[in-house]
Amino acid sequence: GASFLRGRQYSAVIFINKQANWSQSPNLGAAIAAVRKTKLFKKAKARVAYGASMGGFSALMLASALGCVRALVGSPQVSVDPRLVPFDTRFADEAAKIDFRRPDARDGMVDSCRYYIIYDPWHDIDRTHVEMIGDRPNIVQVRVPFGGHRVLSALREQQVLSDMVTGFAEDRLDVRAILRKARRKRWTSPTYLENLSRHCVARGKLRYGADVAAQAFRLNTTSLTAYKTLSRLYLGSERYGDLTEAS
């Protein structure tokens, strides 16, 4: 967040929505115009955008308006307008309150900006959003298996997020090297393990799923996902066999 950027001595302008409205505020244009008038904006050697989920939507849509040459986005939504994404109901309550002015992030994307899109290819909804963006020469898909929707959290737990953001900001991001390092650290990531365990259980690999969930719980005893997975498995142990060894 902001503390990380300050620690790296990066200048930053941070847009914070008072409401979860996916940058649909009527005063957004005025805010962008105000930023463009600042000395910070005019003196910047290069401008980049960064955001995840709702912030990822905004980074995709607004990067060009802010003159950004690169954007790093995690698990973005192309839209939350149910007319455009009927498959995604995660934010239905929020979307119902929005007066959509710019419903499609793709409308703001331009060829002059390079977009790094980080997502979990096993997360069906997030993958569908990325597929809607499509393949373009200026898009780099960064696939993080079992990172889940909180894919940046998984990368932070795997001790590569700071390197990724720094490399991105300084235009020296080596995606393959980052992912190799993340893969070596994946067993230390509760987020990775939680998502892997659910994937295994859904495909009938119950004992392995229990082992993975137990490891996630050891790393993070507040993990509600791992706790629920283990509870369901143990409660159904008569049907699925003795799983006590996985604890």
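Refer to the structure printed above.
Note that the structure is a prediction, hence the values are computed from the model and not measured. (Residues numbered from 1 in each chain as written. Predicted model: local features only at pLDDT ≥ 70, side-chain atom pairs only at ≥ 80, totals over all residues. Heavy atoms only, no water.)

Draft legend 1. Structural detail: the side chain of Ser189. Position of Ser189 relative to the elements: it lies in the loop between helix H9 (175-185) and helix H10 (190-202). On the accessibility criterion, Ser189 (0% relative accessible area) is buried. Only 3.1 Å separates the side chain of Ser189 from the backbone nitrogen of Tyr192, close enough to count as a polar contact. For Ser189, the residues in contact, after removing those within four places along its chain, are Ala154, Glu157, Gln158 and Leu219. (Helix = DSSP H or I, 4+ residues; strand = E, 2+ residues; numbered from the N terminus. Buried < 20%, exposed > 50% of the residue type's maximum accessible area, 1.4 Å probe, protein only. Polar contact = N/O pair within 3.5 Å; in protein donor to acceptor, adjacent residues only side chain to side chain. Contact = heavy atoms within 4.5 Å.)

Draft legend 2. Summary view of the nonpolar core. In terms of nonpolar packing, the biggest core is built from 31 residues, with Leu60, Ala63, Val80, Tyr115, Ile117 and Ile133 touching the most fellow members. The dominant element in this core, judged by the number of residues it contributes, is helix H4 (residues 54-62), at 5 residues. Ignoring sequence-local partners within four residues, the contact set of Ile133 consists of Leu60, Val78, Arg106, Met109, Ile117 and Ile139. Membership of the second largest hydrophobic core comes to 17 residues, among which are Leu72, Val144, Leu152 and Val175. (Core = buried A, V, L, I, M, F, W, Y, C linked by side-chain atoms within 4.5 Å.)

Draft legend 3. Summary view of H10. Taking 1.5 Å of rise per residue, the 13 residues of H10 would be expected to cover 18 Å, and the 18 Å separating its terminal C-alpha atoms lies within 8% of that figure. Within H10, 10 of the 13 residues are buried, which leaves it mostly tucked inside the rest of the structure. Those residues of H10 that fall on the buried side of the exposure criterion are Pro190, Thr191, Tyr192, Leu193, Glu194, Asn195, Leu196, Ser197, His199 and Cys200. Positive backbone phi, at 85°, marks Gly204, one or two positions downstream of H10. (Expected span 1.5 Å × (residues − 1).)

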